[in-house]
Amino acid sequence: MATEEDASPPETCDGPGAGPEYEMSDRARRIVEEQGRSLREEGMLPSKVFNDDGIFEAELRQIFGRHWVFVGHESEIPEPGDYAQRRIGRDPFIFVRGEDGEVRVLFDSCSHHGSKLCRAEQGNTSHFRCPYHGWTFKNTGDLAGVPLKHQAFKGLDPEEWGLHEAPRVTNYKGMVFACLREDAPDFEEYLGDFAWYLDIQLEIGKGGMEVVGEPKRWIADSDWKSGADNFAADSYHTGVTHRSALDVGFGAEEISGTAGQETHRHVTHVDAGSTSLRLLHPDDEIYYGYPNEFVDTSSLSEDQRRMAAACGAETGTIFPNLSFIHVAATDDPDDDLAGYLAFRQWQPLEAGKMQAWSWILAPADASDEYKQRAHDVGMATFAGPSGNFEQDDMAVWDGVSEAAGSVYAERHEFKLNYQMGRPGMSEAEIDEDWYGPGLGWDDNLEEGTLRTFHGNWNKAMSGEEVGMSYPEDHI
Amino acid sequence: MSKQEPEDATAGRSDVELQHEVEQFYYREAELLDDRDLEAWLDLLTEDVEYAMPTRLIREKAAERSPFSETSFNYHEDRSTLESRVDRFGSEFAWSDDPPARTRHYVTNVRVGDPDGEELPVKSNLLLFWAQRENDDTLVSCERHDRLRRVDGDLKVARREVRLDHNVVPMKNISVFL
């Protein structure tokens, strides 16, 4: 009979195919613990988290390796064989619609010797052929051909050597998310009550929403969390960072969300997300600036419809790195405002460095003319590197990561102030009458939205399930 | 805005004279951009200018499709939207432009095509040095496809497509004109 000493080592796999559990360094663990304590007790955030190699390595595994990450919208690959290169964290995947019409997320590495199969950014193909030894895979991932198989791989079972797939993939109302952890909660459970808000974004457009044009991509010396945190949402910065764009008239002041206006709301503790709303008078029926003929509220609940009708702009972040902005704005101050939805993904490149991806969406049944205008307004405002609002965000965030990477920040435990909205700080109060899920605030001069994001970050880095709910997670 | 009378784009110049004139035009344009004299730069554009920077994509050779998107752009401007962008740079709160970026536009390989009606198609290569802070300097490479027109005897840009060689824009923001 085996004694305790010669028993097998403890089980370290957390699911089939999940591999060994990641051991975070003691140093990174200390930073995570300090982040949690500071956030909870003081409303402060150790600056270090925005630029630290150890934290970054842990994030790739604990966050991007274990949580639902956006891959793309199904309207980007409408035809069988359509594909696009995508990243989950830094890992290469192929987002592809197979000849059977199924959308898959395939690991972009030949099952033979590992070369990347997908060499173009997007396109259409029936097969992926490896340029190394010529193994060929169908667009479903099945192994279709091995050169000289009868001489070289007689005993090989092709069924066992197809391309790997992301273990979990879901198509949520057109948005495809994947998770590299086999035993993760279902996406709906992960998203939780935030679905109430996300559904409004995805269903408000007549015919649903569709992507207009290919995503824009650019790099910045900013941490991926700076973007996620800002869109989660930081209403305090709008009137300062974006002052020039507001002054020239690329957006309306009451819509664009400068802080302290009566009609603005923050909603925190909505499981995987938080959001900021610019609610105008419900009788205005503004619906994010869409012309009425392109709006369809039939699938929304009465309360969702009420919110959408009044909403001129909304931003939010779904943990970890998908943000959105849904807003009425203009590329020309002499022209009318037009609505668009933009998804933004903050892709981690290295500590303190990201690649931003931006998709612009418009109602699928809108005219081609409106879709192009929605794109152009998005591009000229928030949804690309040349945006008159967007330019200034990236101009300030890189300062955060530069200082965060300093010896001073580490040695002196430099902490950032995330206290707005905590007791004794701002006048924002919990709105008991808020009709949506989560914790509604009667003002946007509060930072519970950001603390919700960083609270989820702490849970994820600590190996706990993401999901903030009031009051137990109140920070 | 009165419709400009069509003018002969070549103004009767020889190929060599025209090449010289077009190159000098681009050098002056580059100087205005590098000196951040954007109001003067706007004067080099026609009233009905179209100024575009399509998103570039990496496509397979076999795709036989343009690598430049028809719907996704980083600039898709007319005169009014360009003027609004220039207005914003004039604000004291335009952080992307303060401190002003240090830029150098290097224009080379100027190829003047055959006149097409009143327009002169010209292709040129452009290398941009861009830096704003201490460690963010970067190089951007592109080809420009222009249609030049003559207004009151002077060359102006009537249409420009900036064809980036980058699929991922190597800058934190695009706050310059190319």
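Residues numbered from 1 in each chain as written. Chains lettered and ligands numbered in written order. Predicted model: local features only at pLDDT ≥ 70, side-chain atom pairs only at ≥ 80, totals over all residues.

K.L.:
If you had to explain the overall build of chain A to someone new, which residues and values would you point to?
P.N.:
When helices and strands are tallied, chain A shows 14 helices and 21 strands. Taking 475 residues into account, the globule formula puts the C-alpha radius of gyration at 23 Å, and chain A, at 23 Å, falls close to it. C-alpha atoms of chain A, sized along the principal axes, occupy 75 × 60 × 40 Å. Put simply, chain A has 475 residues, and 53% of those count as buried. Put simply, of all contacts in chain A between residues at least 6 apart along the chain, 66% involve residues at least 24 apart. (Helix = DSSP H or I, 4+ residues; strand = E, 2+ residues; numbered from the N terminus. Rg over C-alpha atoms; globule rule 2.2 N^0.38 Å. Buried ≥ 20, exposed ≤ 12 C-beta atoms within 10 Å, placed from the backbone. Contact = placed C-beta atoms within 7 Å.)

K.L.:
Got a sec to walk through the overall build of chain B? Specific residues and values, please.
P.N.:
The helix and strand inventory of chain B stands at three helices and six strands. Taken from the N to the C terminus, the helices and strands of chain B come in the order α-α-β-β-α-β-β-β-β. A compact globule built from 178 residues should have a C-alpha radius of gyration of about 16 Å, and chain B, at 17 Å, falls within 12% of that. Along the three orthogonal principal directions, the C-alpha set of chain B runs to about 50 × 50 × 30 Å.

K.L.:
Tell me about the domain arrangement of chain A, residues and numbers included.
P.N.:
Residues and elements named next belong to chain A. The domain boundaries assigned to chain A delineate domain 1 (69-172) and domain 2 (190-461). A C-alpha centroid distance of 34 Å is found between domain 1 and domain 2. Across the contact, nine residues belong to domain 1 and 10 residues belong to domain 2. Here the side of domain 1 that touches domain 2 gets three residues from one element, more than from any other, and that element is strand E2 (residues 69-73). For the side of domain 1 that touches domain 2, a count of residues per class yields two nonpolar, four polar and three charged. (Domains from an automatic or database assignment. Nonpolar A, V, L, I, M, F, W, Y, C, P; charged D, E, K, R; others polar.)

K.L.:
Describe the sheet that holds strand E11 (residues 175-179) of chain A, with residues and values.
P.N.:
All names here are of chain A. A sheet is described by the order of its strands in space; here three strands give the open sequence E2-E11-E10, paired in antiparallel fashion. Whereas interior strands pair on both sides, the edge strands pair on one side only; in this sheet they are E2 and strand E10 (168-172). When the angles between neighbouring strand axes are averaged without regard to direction, this sheet yields 25°. As paired elements, E10 and E11 share five bridges and run antiparallel to each other. For Asn 171, the partnering residue across the bridge sits in E11 and is Val 176. (Pairing = 2+ DSSP bridges. Axes fitted to C-alpha atoms, helices over the stretch in contact; angles between N-to-C directions.)

K.L.:
Got a sec to walk through unusual backbone geometry? Specific residues and values, please.
P.N.:
The amide bond that connects Phe 319 of chain A to the next residue, Pro 320 of chain A, takes the cis arrangement and shows omega of 0°. Inspection of the secondary structure puts Pro 320 of chain A in the loop between strand E16 (311-318) and strand E17 (322-329). Backbone torsion omega between Asp 98 of chain B and Pro 99 of chain B reads 0°, so that peptide bond is classified as cis. Within the secondary structure, Pro 99 of chain B sits in the loop between helix H3 (79-89) and strand E3 (102-112). With a phi angle near 55°, Asp 271 of chain A is a residue other than glycine that sits in the positive phi range. If you trace the backbone, Asp 271 of chain A turns up in the loop between strand E14 (264-270) and strand E15 (273-279). The phi dihedral of Asn 109 of chain B falls on the positive side, at around 50°, and the residue is not glycine. For Asn 109 of chain B, the location among the structural elements is in strand E3.

K.L.:
I'd like a description of helix H2 (residues 53-63) of chain A, backed by residues and values.
P.N.:
All names here are of chain A. Restricting attention to buried positions, one finds in H2 the residues Ile 55, Phe 56, Ala 58, Glu 59, Gln 62 and Ile 63. In a view along the axis of H2, the buried residues occupy a sector of 165°, so they form one face of it. Taken together, the buried residues of H2 touch helix H1 (26-42), strand E18 (338-350) and helix H14 (448-461). (Arc of directions from axis to C-beta.)

K.L.:
Give a detailed account of the sheet that holds strand E7 (residues 127-129) of chain A, specifying residues and quantitative values.
P.N.:
Residue and element names in this part refer to chain A. Reading across from one edge, E7-E8-E9 is the order of the three strands in this open sheet, with antiparallel pairing throughout. Bordering the open sheet on either side are E7 and strand E9 (143-145), each of which pairs with just one other strand. Each strand axis lies, on average, 35° off the axis of its neighbour in the sheet, ignoring direction.

K.L.:
Can you explain the interface of chain A and chain B? Please cite residues and give values.
P.N.:
At the junction of the two partners, chain A supplies 40 residues and chain B supplies 34 residues. Among the secondary structure elements, those contributing two or more residues to the side of chain A that touches chain B are strand E6 (122-124), strand E13 (216-220), helix H8 (243-248), helix H11 (368-380) and helix H12 (390-404) of chain A. The element that contributes the greatest number of residues to the side of chain A that touches chain B is H12 of chain A, accounting for seven residues. Residues that form the side of chain A that touches chain B fall into these classes: 14 nonpolar, 12 polar and 14 charged.

K.L.:
Can you break down the packing of H1 of chain A against H14 of chain A residue by residue, with the values?
P.N.:
Residue and element names in this part refer to chain A. Packing of H1 against H14 leaves a shortest axis separation of 10 Å and a crossing angle of 145°. Note on packing geometry: the crossing formed by H1 with H14 is left-handed. Contact residues: H1 offers Val 32, Gln 35, Gly 36 and Leu 39, while H14 offers Arg 451, His 454, Gly 455, Asn 458 and Met 461. (Left-handed = near helix turned anticlockwise from the far one by under 90°.)

K.L.:
Describe the confidence of the model for chain A, with residues and values.
P.N.:
In the predicted model, chain A carries a mean pLDDT of 93, and the fraction of residues at 70 or more is 95%. When the criterion is pLDDT under 50, residues 1-17 of chain A qualifies, and its contacts beyond four places in sequence or with other chains add up to 14 contacts. (pLDDT = per-residue confidence, 0-100.)

K.L.:
Explain the packing of H1 of chain A against H2 of chain A to me, and be specific about the residues and the numbers.
P.N.:
Residue and element names in this part refer to chain A. Two elements in contact, H1 and H2, have axes whose closest approach is 9 Å; the angle formed by their N-to-C orientations is 85°. Classified by the angle between their axes, H1 and H2 sit roughly perpendicular to one another. Seen from H1, the contacting residues are Arg 27, Ala 28 and Ile 31; seen from H2, they are Gly 54, Ile 55 and Ala 58. Among the residues forming the contact of H1 with H2, the class breakdown is four nonpolar, one polar and one charged. (Parallel < 35°, antiparallel > 145°, perpendicular 65-115°, else oblique.)

K.L.:
Describe the environment of Phe 93 of chain A, naming the residues involved and giving the relevant values.
P.N.:
All names here are of chain A. Checked against the element boundaries, Phe 93 lands in strand E4 (residues 91-97). Counting along the chain gives 73 residues from Phe 93 to Ala 166, while the straight-line C-alpha distance between them is 8.2 Å. With near-sequence residues (within four places) excluded, Phe 93 lies in contact with Val 71, Arg 86, Arg 87, Ile 88, Val 105, Leu 106, Phe 107, Asp 108 and Ala 166.

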